[in-house]
Amino acid sequence: MLFLIYEGYSVLDENNFQFKKIKEEWERSLSILRAEIGEATFKSWFKNIQFGQYSDNILTLNVPTRFMRDWIESHYLERILAILSKEVSDIKSIKIEVASLDLNSKKEAQKQQDNKVGVSMKVSESLLDHNSIGAPLDERLSFENFVVGPSNELAYAAARRITERRNVSFNPLFLYGGVGLGKTHLLHAMALEINKNWPERKVLYLSAEKFMYQFIKALRFKDTMAFKQQFRSVDVLMIDDIQFIAGKDSTQEEFFHTFNTLIDHNHQVIISADRSPVDLDGIEERIRSRLGWGLVADIHPSDYELRLGVLQSKAESHLLENSDLTISDNLLEFLAQRIDSNIRVLEGALNRVIAYSSFANRPLSIDMAKEVLKDLIRASQRKTTIDDIQRKVADYYNLRLSDLLSARRSRTIARPRQIAMYLSKILTTRSLPEIGRKFGGRDHTTVIHAVKKIEDLRVGDVAIDEEVEVLRRSLEN
Ligand code: ADP
Ligand code: MG
């Protein structure tokens, strides 16, 4: 009897040990992958991936949506397996599963929704003229004119998916990112494409501001029934800049009903915002949580290559319009390097230089760009600070800033801390004692030690070298 119990425990320990080891190896593989594919792409696809289990030589991972699963399977699975099998020799395959949502919160929201769905009513077709309440589409904001890079790849792929299939893969699609990074462009591109592929489908695009305006108007004219019906009869509803309804309680309430009804009937809803659902302050918790149930895709600030790509594509259309124009690659490279605030500003900069050149009748050159864009260039040439570095490194390694500055010495914190010190040394003009002070009042010898340590590791450890390089590059541009 005793013997049996003993056996049982030993098997358990063995399993535990195995589980921990695989999990560690998996985390290691993730950081190798991160160095390979870059921070932005990594965050897009792997931020929400979770280690499931390892049994029968099969590793199971969990992701929140089918779309993510399909994409990771077709783009990254082989690579992950290759990396992992170097360390875990008995691994045979990797399975990616869609982890179900938190059922309790889903039930709760369903209950609330059941109580609230508005009265449905038959309305004549003429009232359903969706174009009158939507905003016009800009033909130039097409998929063809959208340049894809690591920072917007997830958002782009999700947008494409919605326009390629009639059945709903995820609902809602929630796109978010800073200003001028292409959210509105993607919404228009989707609407244009759906109109093209399925002319019979009703697509309605409008800003949250316009939604509110329509709603208030309907209230004033006691016409809310028609208003509700107009929105609820569309096949695809797109609301741009949803953050606008924060704090506007009755508009929020109305939006939520519309939203629920559409989702319930399996009509596609697409939302954009300048921040993620959880960060939408001033919007009710139940709405925020429901906004995050489909696919949430963020657009990150653009990197150099994407900026250059956008400039090249915009330059091409300028050249088409004006055959006398010559735009050198050097000029485009210069702009992509120096103007990194957002794509709208970048576009504006190119337009400004071109306009100036034709106006002043001078050929385009870097010197001229420097002169014309003085204000923009100065603004982007901000020096990297130790604070920037600390924040970036903490974020990259999923640590709290306070941990990075603390006295804790565990490897998972100490190594990123050393990397941050090293980067502070090479990217800023701060002295060693100053750097030490900024890291929780450490001595300058600690900084010297950190710098030396990372220099050595960069030579001896490819993974670390790559991580440091990724960080350095992202801090530099
Ligand atoms: P947002 O809605 O995120 O504030 P917009 O969609 O209005 O940003 O984009 C700002 C400008 O930048 C638009 O002219 C848009 O066409 C352009 N733009 C943004 N991202 C891209 C991209 N990836 N490729 C081409 N143009 C882009
Ligand atoms: Mg916009």
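Residues numbered from 1 in each chain as written. Chains lettered and ligands numbered in written order. Predicted model: local features only at pLDDT ≥ 70, side-chain atom pairs only at ≥ 80, totals over all residues. Heavy atoms only, no water.

1. A closer look at the overall build of the protein
- On a plain count of helices and strands, the protein comes out with 22 helices and 8 strands.
- Residue burial in the protein is summarised as follows: out of 477 residues, 48% are buried.
- Considering only intrachain contacts with a sequence separation of at least 6, the fraction spanning at least 24 residues in the protein is 74%.
- As presented, the protein carries roughly 25000 Å² of accessible surface, and 50% of it is formed by carbon and sulfur atoms. (Helix = DSSP H or I, 4+ residues; strand = E, 2+ residues; numbered from the N terminus. Buried < 20%, exposed > 50% of the residue type's maximum accessible area, 1.4 Å probe, protein only. Contact = heavy atoms within 4.5 Å. Areas by Shrake-Rupley, 256 points an atom, 1.4 Å probe, with all protein chains shown as cover.)

2. Observations concerning the pattern of salt bridges
- The tally for this structure, following the rule as stated, stands at 29 salt bridges.
- Close ionic contact of E87 with R28 constitutes a salt bridge, the shortest N to O distance being 3.5 Å. In this pair, E87 sits in helix α4 (residues 77–87) while R28 sits in helix α1 (residues 2–37), placing the two residues 59 residues apart along the sequence.
- A salt bridge links D298 to K47; its shortest N-O distance comes to 3.4 Å. On the criterion of sequence distance, the pair formed by D298 in strand β8 (residues 295–299) and K47 in the loop between α2 (39–46) and β1 (50–55) is long-range, its members being 251 residues apart.
- Judged by its relative accessible area of 8%, D298 is buried.
- Each member of the salt-bridge network shares a partner with another, and the members are R458, D465, E469, R472 and R473. (Salt bridge = Lys/Arg side-chain N within 4 Å of Asp/Glu carboxyl O.)

3. A closer look at the sheet that holds strand β3 (residues 93–98)
- Strand order across the open sheet formed by 3 strands is β1-β2-β3, with mixed pairing between neighbours. Each of the sheet's edge strands pairs with one partner strand only, and the pair in question is β1 and β3. Pairs of neighbouring strands in the sheet enclose a mean axial angle of 25 degrees, with direction left out of account.
- Relative to β3, strand β2 (residues 58–63) runs parallel, the two being bridged by 6 bridges. Across the sheet, residue N62 finds its bridge partner in β3, namely E97.
- Contacting β2 and β3, α4 crosses the sheet at an angle of about 130 degrees to β3. (Pairing = 2+ DSSP bridges. Axes fitted to C-alpha atoms, helices over the stretch in contact; angles between N-to-C directions.)

4. Notes on the layout of surface pockets
- In this structure, the second largest pocket spans a volume of roughly 1300 Å³.
- For the second largest pocket, the lining is made up of 32 residues, of which E27, R28, S31, Y397 and E467 are closest to its centre.
- Elements supplying a minimum of two residues to the lining of the second largest pocket: α1, α2, α17 (386–396), α19 (411–427) and α22 (462–476).
- Of the residues in the lining of the second largest pocket, the class split is 15 nonpolar, 3 polar and 14 charged. (1 Å grid on protein atoms, 1.4 Å probe; cavity = no way out; pocket = protein on both sides within 12 Å on 5 of 7 lines; lining within 4 Å. Points joined across faces, edges and corners; volume = space filled by probe spheres on them. Nonpolar A, V, L, I, M, F, W, Y, C, P; charged D, E, K, R; others polar.)

5. Points about the packing of aromatic side chains
- As enumerated under the stated definition, the model contains 16 aromatic pairs in all.
- Taking 4.6 Å as the distance between ring centres and 5 degrees as the angle between the ring planes, the aromatic pair formed by W45 and W71 counts as stacked. A residue pair is termed long-range when its members are at least 10 positions apart, and W45 in helix α2 and W71 in helix α3 (residues 66–75) qualify at 26 residues.
- Taking relative accessible area as the criterion, W45 reaches 0% and is therefore assigned buried.
- Ring pairs connect the aromatic residues F211, F215, F227, F231, F255 and F259, which therefore count as one cluster.
- Note that K248 overlies the ring of F244, its terminal NZ or CZ placed 4.2 Å from the centroid. (Phe/Tyr/Trp six-rings, centres within 6.5 Å; stacked < 30°, edge-to-face > 60°. Lys NZ or Arg CZ within 6 Å of the ring centre and 35° of its normal.)

6. Some words on the site of ligand 1
- In the vicinity of ligand 1 there are 18 residues, among which V147, G180, T184, H185 and E347 approach most closely.
- Within the side chain of K314, one N or O atom sits 3.5 Å away from a nitrogen atom of ligand 1.
- At 2.8 Å, a side-chain N or O of R344 approaches an oxygen atom of ligand 1.
- Its free accessible area being 560 Å², ligand 1 has 91% of it covered by the protein chains.
- Only α7 (183–197), α12 (304–321) and α14 (343–360) provide two or more residues apiece to the shell around ligand 1. (Near = heavy atom within 4 Å. Polar contact = N/O pair within 3.5 Å; in protein donor to acceptor, adjacent residues only side chain to side chain.)

7. Here's the deal with the nonpolar core
- By size, the foremost hydrophobic cluster in this structure holds 55 residues, and its most contacted members are W45, F46, L59 and M190.
- When residues in this core are grouped by element, the largest group, 7 residues, is from helix α6 (residues 153–164). (Core = buried A, V, L, I, M, F, W, Y, C linked by side-chain atoms within 4.5 Å.)

8. Quick look at the packing of α19 against helix α21 (residues 444–460)
- Following both chains from N to C, one finds α19 and α21 inclined at 95 degrees, their axes separated by 8 Å at the closest point. When the axis of α19 is compared with that of α21, the two are roughly perpendicular. Contacts between α19 and α21 pair R415, Q418, I419, M421, Y422 and K425 from the former with T446, V447, H449, A450, V451, K453, I454, E455, L457 and R458 from the latter.
- Its residues assigned to classes, the contact of α19 with α21 comprises 8 nonpolar, 3 polar and 5 charged. (Parallel < 35°, antiparallel > 145°, perpendicular 65-115°, else oblique.)

9. Describing the pairing of strand β6 (residues 236–240)
- Burial runs high along β6: 5 of the 5 residues are buried.
- Alternating residues of β6 divide into V236, M238 and D240 and L237 and I239, and every residue in both groups is buried.
- Sheet topology places strand β5 (residues 203–207) next to β6; 5 bridges connect them, and they run parallel. When the sheet's bridge partners are listed, V203 is paired in β6 with V236.
- Tracing the backbone out of β6, into helix α10 (residues 249–264) and back to the parallel element strand β7 (residues 268–273) gives a crossover that is right-handed. (Right-handed = clockwise from strand over helix to strand, strands pointing away.)

10. Some points on the pairing of strand β4 (residues 173–177)
- In terms of burial, β4 is largely enclosed, as 5 of its 5 residues are buried.
- Residues L173, L175 and G177 line one face of β4 and the alternating positions F174 and Y176 line the opposite face, and both faces are buried.
- Note that β4 and β8 share 5 bridges and pair parallel. In the strand pairing of β8, F174 is matched with V296.

11. Description of the confidence of the model for the protein
- When pLDDT is averaged along the protein, the result is 85; 89% of the residues meet or exceed 70.
- The low-confidence segment residues 1–12, where pLDDT is below 50, has 0 contacts with residues more than four positions distant or belonging to other chains. (pLDDT = per-residue confidence, 0-100.)

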